[in-house]
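Below, each chain spelled out in residue letters.
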Amino acid sequence: MVKLLEYEGKDFFKKYGIPVPSGYVVKSVNEIQPINFAMVIKAQVLTGGRGKRGGILKVSNLPEARKALDKISTINFDGHYAKQYLVESAVNVVKELYISITLDRSKRLPILMASTEGGMEIENVPDEKILKYYINPFIGVSLYIKRELAKELKIDKKMVGTLYAIVDGLWNIFKNEDAELVEINPLGVTEETLVAMDAKVVIEDDALFRHKNIEKVDETFDELEAKAREKSIAFVKLDGNIGVIANGAGLTMATLDTLTLWGGKPGVFLDLGGTDDPAKVTEAFELMCDAEPNVVFVNIFGGVTRCDTVATGLVNAIKNIKPKFPIVARIRGFHEVEGRDILKKAGISSFLDMKEAAKNVVDMVGGGA
Amino acid sequence: MAILLNKNTKVVVQGITGHQGLFHTKAMREFGTKIVAGVTPGKEGELVDGIPVYDTVKKAVVEKGANSSIIFVPAPFTKDAIIEAIDAGIKLVIIITEHVPFHDMVEVLQYSKIHNTRIIGPNCPGIVAPGISKIGIMPNSIFRKGNVGVLSRSGTLTYEIVNAITESGMGISTAIGLGGDPVIGMTFIDGLSLFQDDVETEAVVLVGEIGGTAEEEAAEFIEKNIDKPVVAYIAGRSAPPGKRMGHAGAIISRGRGTADSKVKAFENAGVKVAHLPQDLPELLHKAMKQ
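The numbering scheme is per chain: residues are counted from 1 as the chain's sequence reads. The naming scheme follows written order: chains are lettered A onward, ligands numbered 1 onward. For this predicted model, a pLDDT threshold of at least 70 governs which residues receive local features, and a threshold of 80 or more governs which side-chain atom pairs are given and counted, while totals over whole chains, interfaces and linings are taken from all residues. The basis for every side-chain value is the complete set of heavy atoms in the structure, and neither hydrogens nor water enter the calculation.

A separate point is the interface of chain A and chain B. Any pair of residues with heavy atoms lying within 4.5 Å of one another is described as a contacting pair. Contact with chain A, which involves 51 residues of that partner, is made by 57 residues of chain B. Buried area, as used here, totals the accessible surface that two parts lose on assembly, with accessibility defined by a 1.4 Å probe and the loss added over both. Note on chain A versus chain B: buried area summed over both sides is about 4,400 Å², and carbon and sulfur give 60% of it. A per-residue breakdown of the area chain A buries against chain B is headed by R105, R108 and F301 of chain A, which together make up 17% of the total. We count a salt bridge whenever a side-chain nitrogen from Lys or Arg sits within 4 Å of a carboxyl oxygen from Asp or Glu. Taking the shortest distance from any N to any O, the salt bridge between E167 of chain B and R332 of chain A comes out at 2.7 Å. Polar contacts here mean pairs of N or O atoms no more than 3.5 Å apart (in protein, one a potential hydrogen donor and the other a potential acceptor; neighbouring residues in sequence count only if both atoms are side-chain atoms). Between chain A and chain B we count 19 residue pairs in polar contact (both at pLDDT 80 or more) in total. Only runs of H or I of at least four residues qualify as helices and only runs of E of at least two qualify as strands under DSSP, and these elements are numbered from the N terminus. Secondary structure elements with two or more residues in the side of chain A that touches chain B: β7 (109-115), α4 (160-176), β9 (179-189), β12 (234-237), α6 (249-261), β15 (295-302), β16 (327-333) and α10 (354-364) of chain A. Ranked by the residues each element gives to the side of chain A that touches chain B, the list is headed by α6 of chain A, at 10 residues. Gly counts as polar in this scheme, as do all residues outside two lists: the nonpolar Ala, Val, Leu, Ile, Met, Phe, Trp, Tyr, Cys and Pro, and the charged Asp, Glu, Lys and Arg. Each residue belonging to the side of chain A that touches chain B can be placed in one class, and the counts come to 25 nonpolar, 9 polar and 17 charged.

Right under this line is the structure:
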């Protein structure tokens, strides 16, 4: 998923007719323009709870604004610092609402959610205070839904047109931009109008081929995970010291679970996926080495991915790298005899039984200590 | 008998001339699948292993009586390929392709409902009924005919479990990989209701994983509607929240989709959950004896 920064989301809002406070983005104090009325300086980071951590400050003149930006620039947001700041007109809100469109997995339909309890995380809003509407992709948000929303959210008559425009804008962003989530929280109600105080827009990775203009930014900030992603290898960094290479997401998860059950602590989840190219296996193993595990457990069930392909790739990698950690393999399935033979010649013994192999791995690192 | 497949299942392979299409067409044939045609736009007139290639699915239906389709086309073209199959009158579409945008699937699933077409996948290994047919990419050698139905959100883990069932002396009536994406066609519930009515199937294995609420919904359905024994395995018990574990759908987000919640739901519905995939055959044995 590609999470957009607030100002990027607000750029979409403007384009799709959703009112936002006037403002501009700066990278440093020197770019702040003279200030004549109350403004806010907002850290542009993806981390939640910005406000609580002091990432949003209200200012009323230029010196104050500069000071605020300096202060915000020193805040550590989960290992990440703001590089951009949104300088925005402060808005006097009477009420804060919530509205979003996202995917409902089990209904397999978009869901529109709205609440009078804006400003807090929607997970903390009691269910009975959330309005929910499933949206058919071919129909969009029907007029009756918008009418009902206006009524339930107690929108002033003069602002109903704006609410309808906001709902239409959200739906159009969700659909046209392949969003996973479009959220306005809070949606500010002022004396005159409605205005999107914040913007959360998440675009789906798999649809980026339709949106060449959207840059794929990495939200994990982990160097190895980013590197793996470039190579289309599913790689997840965990807390432990056992590296796991398996084929298929389900089997890789099950391998982690098995090690954990024996008291081991997995440190890397690496799913080879389906491959018939030993070079991809070599690449994956090199990546694993960079994570510096204490032991590596290779668990393969050969099907589309042949056991001998994996073994060849593995042996090629080991020849070059000469890893310091031991490798335990468990090889079953298509071409398993050939695979085990190749490993044996390279001095790697392999198991048939996954449980037994996992236990052996955990024993090697002393119960994951 | 099996579910969804029979001796009259005639398959068209969409994307037959690609690397995967070629490989698996051959493997499906070896399993006994009746593959009647392939489709690759612009390649009409070619033959793959003696199978005619057409430009359109319609032609495969009209000329060869295709009633099922398997899709290997790249993700950007998958939606169009599914719509084409539905419009041509195909009633069972299996999507192997990974990384299909979920917005495309949301639309396709609504469209398939109108036309009464069953969709399996995307990002799935397909469906196998030993002795009858296979539409998918699961390895042939692990299957033996029997009385166990399998429904799984995983690929390789399904092979692992099917293999363990086979080695324990049992066999499979039908095994279906539902796919690892957040938006998929056929669900556990769809599969369970078919297995309930299938005389050949005596017990069902569900292979779930973290993410979403499909397992919880299945558990509720089992309690009310299924009297055949059901056992389960959930992958990802040790997975941390917020991390996508390989599958697009395998993520614990905002406290939802945890393995704990799924295991509990199953146990409350009387479904025994194996700690390790290899423990499933024994659970299955016990459940079937009762």
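With that settled, the discussion passes to the packing of helix α7 (residues 278-290) of chain A against helix α8 (residues 307-321) of chain A. Residues and elements named next belong to chain A. Interhelical geometry of α7 versus α8 gives an angle of 50° and a closest axis separation of 7 Å. Judged by the angle between their axes, α7 and α8 are oblique. Of the two elements, α7 crosses α8, and the hand of that crossing is right-handed. Between α7 and α8, the residues in contact are P278, V281, T282, F285, E286 and C289 and T309, V310, T312, G313, L314, N316, A317, I318 and I321, respectively. Classifying every residue of the contact of α7 with α8 gives 9 nonpolar, 5 polar and 1 charged. Only the stretch in contact is used when fitting a helix axis, every axis being a line fitted to C-alpha atoms; angles between N-to-C directions are given from 0 to 180 degrees. Any angle that is under 35 degrees is reported as roughly parallel, and any over 145 degrees as roughly antiparallel; angles of 65 to 115 degrees are reported as roughly perpendicular and all others as oblique. Should the near helix be turned anticlockwise from the far one by less than a right angle, the crossing is termed left-handed; should it be turned clockwise, right-handed.

What follows deals with the domain arrangement of chain B. All names here are of chain B. Here chain B is described as being made up of domain 1 (10-120) and domain 2 (138-289). Segmentation into domains, and thus their bounds, comes from an automatic or database assignment. Computed over C-alpha atoms only, the centres of domain 1 and domain 2 are separated by 26 Å. With 11 residues of domain 1 in contact, the opposing surface of domain 2 contributes 11 residues. When domain 1 packs against domain 2, the two sides together hide about 880 Å² of surface, and 64% of this comes from carbon and sulfur. Run the count over domain 1 and domain 2 and you get 0 salt bridges. Scanning the region where domain 1 abuts domain 2 turns up 2 residue pairs in polar contact (both at pLDDT 80 or more). Secondary structure elements with two or more residues in the side of domain 1 that touches domain 2: α1 (19-31), α4 (102-114) and β7 (118-120). With 4 residues, the top contributor of residues to the side of domain 1 that touches domain 2 is α4. The residue makeup of the side of domain 1 that touches domain 2, split by class, is 9 nonpolar, no polar and 2 charged.

So, on to the pattern of salt bridges. Summed over the entire model, instances satisfying the criterion amount to 34 salt bridges over all chains. With a closest N to O distance of 4.0 Å, R153 of chain B and E209 of chain B form a salt bridge. Here E209 of chain B lies in strand β12 (residues 203-209) and R153 of chain B lies in the loop between β10 (145-152) and α5 (156-167), a separation of 56 residues in the sequence. Taking relative accessible area as the criterion, R153 of chain B reaches 5% and is therefore assigned buried. Residue E215 of chain B is joined to R153 of chain B by a salt bridge in which the shortest nitrogen-to-oxygen separation is 2.7 Å. In this pair, E215 of chain B sits in helix α7 (residues 214-225) while R153 of chain B sits in the loop between β10 and α5, placing the two residues 62 residues apart along the sequence. Within this structure, E6, K10, K42, R50, E88 and D198 of chain A form a network of salt bridges that share partners. Any residue under 20% of the maximum accessible area for its type is buried, any over 50% is exposed, and the rest in between are partly exposed; the area is computed with a 1.4 Å probe on protein chains only.

Bringing the sheet that holds strand β1 (residues 10-14) of chain B into the picture now. Residues and elements named next belong to chain B. Ordered in space as β3-β4-β2-β1-β5-β6-β7, the 7 strands form an open sheet in which the pairing is mixed. Each end of this open sheet is capped by a strand with a single partner; those strands are β3 (47-48) and β7. Pairing analysis gives 2 bridges linking strand β2 (residues 34-39) to strand β4 (residues 51-54), with the strands arranged parallel. Each residue of the ladder has a partner; that of V39, found in β4, is Y54. Here α1 sits on the sheet and contacts β1, β2, β3, β4 and β5 (68-71); the angle it forms with β2, its principal contact strand, is near 165°. When DSSP finds two or more bridges between two strands, those strands count as paired.

Right, let's get into the domain arrangement of chain A. The domain architecture assigned to chain A consists of domain 1 (22-89), domain 2 (95-210) and domain 3 (223-364). Of note, the centres of domain 1 of chain A and domain 2 of chain A, computed from C-alpha atoms alone, are 26 Å apart.

A few words on unusual backbone geometry. Cis geometry is adopted by the peptide bond preceding P186 of chain A, which originates at N185 of chain A and carries an omega value of 5°. Here the amide bond leading from G121 of chain B into P122 of chain B is cis, since omega sits at 15°, within 30 degrees of zero. In this fold, P122 of chain B is placed in the loop between β7 and β8 (126-129). One non-glycine residue, L4 of chain B, lies in positive phi territory at about 70°. With respect to the helices, strands and loops of the structure, L4 of chain B is situated in the segment before β1. At H99 of chain B, a residue that is not glycine, the phi angle is positive and equals roughly 65°. The residue H99 of chain B is located in the loop between β6 (92-95) and α4 in this model.

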